[in-house]
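# Survey of secondary and tertiary structure
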There are 2 protein chains.
Amino acid sequence: MPSYKAPLRDMRFLMNEVFDYPKHYANLPGGEEATPDLVDAILEEAAKYCEQVLAPLNQPGDEEGCHFNNGEVTTPKGFKEAYEQYVAGGWQGLNYPAEFGGQGLPMSMGLFRSEMMGTANWSFTMYPGLSIGCINTIMLHGDEGQKATFLPPLVEGRWTGTMCLTEPQCGTDLGQVKTRAEPQPDGSYKLTGTKIFISAGEHDLAENIIHIVLARLPDAPAGTRGISLFIVPKFIANADGTTGDRNTVAAGSIEHKMGIRASATCVINFDEATGYLIGPPNKGLECMFTFMNTARIGTAIQGVAHAEQSYQGSLPYAKERRSMRALSGKKEPEQVADALIHHGDVRRMLLTQKAVAEGGRAMVYFAAQYADNMAVGITNGDKETYDYWDDKLGFLTPILKGCLTELGLEAANLGMQVFGGHGYIKEHGMEQIARDARISTLYEGTTGIQALDLLGRKVLLTTKGKAVRDFTADIAKFCRDHVGNKQMRPFIWELTKIATQWNYLTVRIMLQARKDREFVGTASYDFLMYSGYATLAFFWAKMAAVAFEKLEKGGNDEPAFYQAKIQTAEFYFERLLPRTKSHAETMLKPTKSLMQLNADHFNFE
Amino acid sequence: MPSYKAPLRDMRFLMNEVFDYPKHYANLPGGEEATPDLVDAILEEAAKYCEQVLAPLNQPGDEEGCHFNNGEVTTPKGFKEAYEQYVAGGWQGLNYPAEFGGQGLPMSMGLFRSEMMGTANWSFTMYPGLSIGCINTIMLHGDEGQKATFLPPLVEGRWTGTMCLTEPQCGTDLGQVKTRAEPQPDGSYKLTGTKIFISAGEHDLAENIIHIVLARLPDAPAGTRGISLFIVPKFIANADGTTGDRNTVAAGSIEHKMGIRASATCVINFDEATGYLIGPPNKGLECMFTFMNTARIGTAIQGVAHAEQSYQGSLPYAKERRSMRALSGKKEPEQVADALIHHGDVRRMLLTQKAVAEGGRAMVYFAAQYADNMAVGITNGDKETYDYWDDKLGFLTPILKGCLTELGLEAANLGMQVFGGHGYIKEHGMEQIARDARISTLYEGTTGIQALDLLGRKVLLTTKGKAVRDFTADIAKFCRDHVGNKQMRPFIWELTKIATQWNYLTVRIMLQARKDREFVGTASYDFLMYSGYATLAFFWAKMAAVAFEKLEKGGNDEPAFYQAKIQTAEFYFERLLPRTKSHAETMLKPTKSLMQLNADHFNFE
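Conventions we followed
Residues numbered from 1 in each chain as written. Chains lettered and ligands numbered in written order. Predicted model: local features only at pLDDT ≥ 70, side-chain atom pairs only at ≥ 80, totals over all residues. Heavy atoms only, no water. UniProt positions renumbered as here; feature names shortened; annotations may be inferred. Helix = DSSP H or I, 4+ residues; strand = E, 2+ residues; numbered from the N terminus. Salt bridge = Lys/Arg side-chain N within 4 Å of Asp/Glu carboxyl O. Buried < 20%, exposed > 50% of the residue type's maximum accessible area, 1.4 Å probe, protein only. Expected span 1.5 Å × (residues − 1). Contact = heavy atoms within 4.5 Å. Buried area = accessible area lost by both parts, 1.4 Å probe. Polar contact = N/O pair within 3.5 Å; in protein donor to acceptor, adjacent residues only side chain to side chain. Nonpolar A, V, L, I, M, F, W, Y, C, P; charged D, E, K, R; others polar.

### Looking at the UniProt feature "domain: Acetyl-CoA dehydrogenase-like C-terminal" (unreviewed entry) in chain A
The positions that UniProt labels "domain: Acetyl-CoA dehydrogenase-like C-terminal" (unreviewed entry) are, in the present scheme, residues 471–597 of chain A. Annotated as residues 471–597 of chain A, this span is 83% helix and 0% strand, and its ends, taken at the C-alpha atoms, are 37 Å apart.

### Points about the pattern of salt bridges
Pairing between side chains becomes possible if they bear opposite charge and their charged atoms approach one another. Taken as a whole and assessed by the stated rule, the structure comprises 70 salt bridges over all chains. The salt bridge involving B:Glu167 is made with B:Lys195; its shortest N-O contact spans 3.0 Å. You can see B:Glu167 sitting in the loop between strand S3 (159–164) and strand S4 (180–183) and its partner B:Lys195 sitting in strand S5 (residues 189–199), a full 28 residues away along the chain. For the pair B:Glu167 and B:Lys195, a shared accessibility class is recorded, and that class is buried. Salt-bridge contacts for B:Lys383 lead to B:Asp387; the nearest nitrogen and oxygen are separated by 2.7 Å. Residue B:Lys383 and its partner B:Asp387 are both found in helix H12 (residues 383–418); the two are separated by four residues, about one turn of the helix. A relative accessible area of 29% places B:Asp387 in the partly exposed class. In this structure, a network of salt bridges that share partners links the residues A:Asp10, A:Glu115, A:Glu308, A:Lys354, A:Glu358, A:Arg361 and A:Lys565.

### Overview of helix H3 (residues 36–54) of chain A
Residue and element names in this part refer to chain A. For H3, built from 19 residues, the straight-helix expectation of 27 Å at 1.5 Å per residue is met to within 8% by its first-to-last C-alpha distance of 25 Å. Along H3, the residues classified as buried are Val-39, Ile-42, Leu-43, Ala-46, Ala-47, Tyr-49, Cys-50, Glu-51, Val-53 and Leu-54. Tucked into the core, H3 has its buried residues touching helix H1 (8–18), helix H2 (21–27), helix H4 (58–64), helix H5 (79–88), helix H6 (107–120) and helix H7 (122–141).

### Focus on the interface of chain A and chain B
Contacts between the two partners involve 100 residues from chain A, matched on the other side by 100 residues from chain B. Where chain A abuts chain B, roughly 9000 Å² becomes buried across the two surfaces, and 57% of that area is made up of carbon and sulfur atoms. It is A:Tyr424, A:Arg575 and A:Phe602 in chain A that bury the most area against chain B; as a group they hold 10% of the surface buried on that side. Counting across the chain A and chain B interface gives four salt bridges. With a shortest N-O distance of 3.7 Å, B:Lys592 and A:Glu570 are connected by a salt bridge. Where chain A packs against chain B, one counts 55 residue pairs in polar contact (both at pLDDT 80 or more). Per-element tally for the side of chain A that touches chain B: the top contributor is helix H18 (residues 559–576) of chain A, with nine residues. A class-by-class count of the residues in the side of chain A that touches chain B yields 37 nonpolar, 31 polar and 32 charged.

Rendered as structure tokens:
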């Protein structure tokens, strides 16, 4: 089983050397408390919890899975105790306001904690992870009574939350939601319907579970404009913060899944369950989507997590396992054969995992600053600030979620591949990573949906290409700033070409899409992946620039760390970035080659 | 659970219209018996067995897995009866000589049968599949007594076989094999050692299991030059064809695997087990590799099988499941939403699976003619014929095995992706395809090993580039033959460019590799994938040419079939072939970006 060691050195590199988090936090209203010492202490404490408590439960949790018995869900052995430690450590409230019992730290701190937890044990992390969506929704859209009742126990972690969107007949297309909410004389509602794929929908970790539910009022218009949002607690909440009667909401079963087997995915039946409207009637989808960008970054982290986990699993194996001799001659003449790490193609697989994990982490840490700024807008009720940063974040979100989860899955498969046939055997733990990673391109909007969100919505509809222009303007500025640096020149040259081409492709698509609306759909996946590689290139160049600077200055005790960053950046630019070539060519192809085949002629018997 | 329908229409298209199998069989010494009527009847009978017997056992077999109890392995419910039907139907002997009880049909017939069986139920197909390697080895290298003793029951299917190569310390690097063989006064040997990953190593389907084992004689030189091949039966074979004493070879355990869970993967312990030398001493590896090309085509078929299976699973779902509206307007206005198949990105996923399944099948059917010709060389003891066709096959083998299994895995993942979140749920059966497919890039030589075999051995070492020159000469001839056809011109133009570039890349690599031996390793994976896409392009163009011709001629009752072929070819050329762009660029990059990072600097804590 791969053990987990939190990549604190890399996290500190990003926080302190690349993105200057100390300054970012200092400038953040309410962020002053996040002093470098405090941040460091928190990260180290979180690392310990993840390494020592969560990671050892990962493989046994997969083996055991969850148990369903008569409506009750039991999580795997050890999960309950680990969750108690999580609550006792105050981890759930890390980035929530003190008024609800939180520690009031910036939102990004929650993301860093989630990355470590998720890498150690993604299934476990789903339980507190789902609470985040629930807390955010109530914090932003709940009335004072709802906040006072639900937030303190949720922020404490004593209660957990869910997001109940999907129904058997619809996932992406939420306009098809059928769950009904009947108003009651006391102002509450009775909800009836079935939700599926509800992560953390039922379990034995918390005293109560608070469901956030999409449903229709009796007079609601059809489609997406007739959906409202409700709070439906498993146990009715008493005014004193204790739990009262059992509500008529219950798990009907749990799903048997390919991976994340220790995470309970439930069918949840609402049988005239008591619920409370949250936010304005029929505006449920808008309310729900408020924090969608942050939620999706939470899933993007899964790509980083599995790339890191897979890399940490396959690197030691590549150093220990000996097979054949290096092509350029014996590297370990005293051994029966050379270690795998001396073979070029094995290095390709290791470096791909490394480049995805570290490059993806950089993307997340960058976006996390946007998220912090956006959160300030919310806290201060400053809509303009919120909108500005949410838009900036909104452009990056589908790129992060769509591209990092695809690459995380690739990395997980490469980790298995390094092990050869042994990668297929459960005991080594590598195949679990690939199974766990597989969900990440499916939930929280499939890759196809991210692609449409990016190209159709964020780039074309909302900003008419400005989103790309703005982001590439930042890249262009970076290029100008570093073009004088001879060592950086190969990166700058490629990056400039990519930034230019990205805009060119956007314009070409915009023009084509006017003539042929299917063009957005047929180009979207390639545009998404292109954007992902382009964004990763930007951050690898940024990291290389910092590393060159550190080496130039000298005096640091870890030149090898910086050297490795530069060499990984070189690997990225030479061997992963060229994938943009194919995507650039394919996305501009006419829609015909995808759309012409008659739906009835896809197969013949 | 996806049901299985054998793609007989597509198989007949390839056999009768693209590759002219009737003529090929008619010209094949001993192939005269394979008349079109007989071939057709056999394929239909095989299809029935696969659809009705094997496919329904696929999902339950995965769920139940194999059972290990005190050295005995029990296969999942229904496997024993299905195997009895297989034996009763004479399926194992299809392409083996009548003198050993076979039906004497060409080798290719065995491959077509295996494709259908493997698509219906890959795990099941492993059991008779492993016998093939064993039968081939004994047929080619066994003495008359060994042939007489072992071949009839193996060809009948009453006994099955295995190939025991891998040991705990080595898989690829067989020079590290440690299993010892001590000569006995009676001319037999006592084998002692442990083999792992032995598919079909122990099970309850057959009366006896014949292990082909790599081991070392006491005086053997170190490394690959000191390995010999032995026959080690589970039960000692009596002269009358019955089984005698239990030999001291036994399964120590079975592996718990990600997929192909109904296939028993065993640790096999040899404890002074009685064995018989087969072939010359110390020439075991050479003997073993005689049929390696055919064995690897057998695994290449797994790529086709899972692409087909995944396509058959996801296509009906894409037609039934309704979500959102098509970008160019409602396609099914009377429905709540449009079916998935009307969305461009879903079509991309469907057509990728289709292009891999049908294009891959074409590659296999082409290579199968080489295999038939090679087999004639063996039957007639005509080494020149054998060498000629084995070389031609040898060039295609790593391309087929390496590239089709990678693409099969991609297709299987796309099949899941079409299902969205439902793809992750076991009951739909899509995630099983992805898990089953995952082994295919790992066993029978990983993708990395196929890549080195192709570039290092088949292209550079053995033929100094001639293998590529010869194959692209065939492509060039095809292009010349069709350049006059206006409809074919877009394909011909791209294909000509690819054929030229393929040679150019080969020469560039050859020159670079002289200066830097690591270049072969760092370029190999990209060269493999490039070669795969180039080869697929050739066969898609071939299929398109036939389809255009059929449409031109008219008079056939299925113009839509041919139209779909052409449109799928267009999809392939426009949207998959451009991947060669990235591979072409990456493979020529200097080795530095892969080789420079110090093995100790891959991570920092």
